[in-house]
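# Descriptive analysis of the structure
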Amino acid sequence: MNQVQELEQAILARAERLAGEYRDRANRSRDSILREAAERLRMRESREESIAKTLADRTFRQQVQASELKMQTHLDRMRWNLVQDVERALAGRMKAFSEDLGRYEPWLESLIVRAANLIEEKSMIRLASRSIHIALAERWDAILDPPESLRP
């Protein structure tokens, strides 16, 4: 009977050793599976973080571009308003200047004389507003034959 007990103990020891080996293998497999799962999770998180950064960068650039367009539009409007203000002021000043006949008529005559000298034609056609046309008609011959001081 001793041999039977020894055989039983040997079988039990062998079974315990095999069970221990299987347990160790199972633990190693579990650890390996957990490491791989953790690595896959880190990779997925890294990809998601990269995608989120890319989307955030794109959104930021779009917002910057939209702000730049708004600012450019605002500046364009301001420039246009300034141009219109200058045009209105210039129109007012030109109207006031043209109404000051003491300054306007000599200036206009000097322009006509210089232009006639540059054109170098014997005949000219005058187109002007009614009041200027009347004023020019009265002095047209004198304008076309200016004094020596106004000739080139």
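Look up: the structure comes first, before these words.
An account of the accompanying structure is given in this report. Everything quoted here is computed from the prediction, not taken from an experiment.

Below, the discussion takes up helix α3 (residues 130–144). In an α-helix, one turn spans 3.6 residues, which is why side chains three or four residues apart end up on the same side. With 15 residues, α3 should reach 21 Å at 1.5 Å per residue; the first-to-last C-alpha distance of 20 Å fits that figure. Along α3, the largest kink reaches about 60 degrees and is centred on E138. Turning to α3, its buried residues are I132, A135, L136, W140 and I143. Buried residues in α3 make contact with α2 (101–119).

Time to look at α2. Across its 19 residues, α2 extends 26 Å between first and last C-alpha, which sits within 8% of the 27 Å expected from 1.5 Å per residue. Residues of α2 that are buried: Y104, E105, L108, I112, V113 and A116. The buried side chains of α2 occupy one side of the element, clustering within an arc of 165 degrees when seen end-on. Residues G102, R103 and L118 are exposed on α2 and point more than 90 degrees away from its buried face. In this structure, the buried residues of α2 make contact with α1 (2–99) and α3. Downstream of α2 by one or two residues, E120 has phi in the positive range, about 60 degrees.

This part is about the nonpolar core. Judged by nonpolar contacts, F97, Y104, L108, I112, V113, I132, L136, W140 and I143 together constitute the single largest core of nine residues. At the level of elements, α2 and α3 are the ones that each hand at least two residues to this core.

Below, the discussion takes up the packing of aromatic side chains. Applying the stated rule across the entire model yields three aromatic pairs. When the centroid spacing of 5.5 Å and the interplanar angle of 90 degrees are considered together, the rings of F97 and Y104 count as edge-to-face. There is no split in this pair, since F97 and Y104 are both buried. Centre to centre, the rings of F97 and W107 are 5.2 Å apart; their planes meet at 75 degrees, and the pair counts as edge-to-face. Here the residue F97 occupies a position in helix α1, and W107 occupies one in helix α2, the gap between them amounting to 10 residues. Three or more aromatic residues joined by ring pairs make a cluster, and in this case those are F97, Y104 and W107.

Basis of the calculations
- Positions within a chain are numbered from 1, following the residues in the order the chain's sequence is written.
- The model is predicted, so local features are restricted to residues of pLDDT at least 70 and side-chain atom pairs to those at 80 or more, both for listing and for counting; the totals for chains, interfaces and linings are taken over all residues.
- The basis for every side-chain value is the complete set of heavy atoms in the structure, and neither hydrogens nor water enter the calculation.
- Numbering goes from the N terminus for both helices and strands, where a helix is a DSSP run of H or I of at least four residues and a strand is a run of E of at least two.
- Multiplying one less than the number of residues by 1.5 Å gives the expected span of a helix.
- We define the bend at any residue as the angle between the axes fitted to the seven residues before and including it, ending there, and the seven starting there.
- For every residue, the accessible area (1.4 Å probe, protein chains only) is compared with the maximum for its type, and the residue is labelled buried under 20%, exposed over 50%, or partly exposed between those bounds.
- In this description, contact between two residues means that some pair of their heavy atoms is separated by no more than 4.5 Å.
- The arc in question is formed by the directions pointing from the helix axis toward the C-beta atoms.
- Nonpolar core, defined: a set of buried Ala, Val, Leu, Ile, Met, Phe, Trp, Tyr and Cys residues in which side-chain atoms within 4.5 Å join the residues together.
- Ring pairs are drawn from Phe, Tyr and Trp, using the six-membered ring of Trp, whenever the two centres fall within 6.5 Å, and their geometry is named by plane angle: stacked under 30 degrees, edge-to-face over 60, tilted for the rest.

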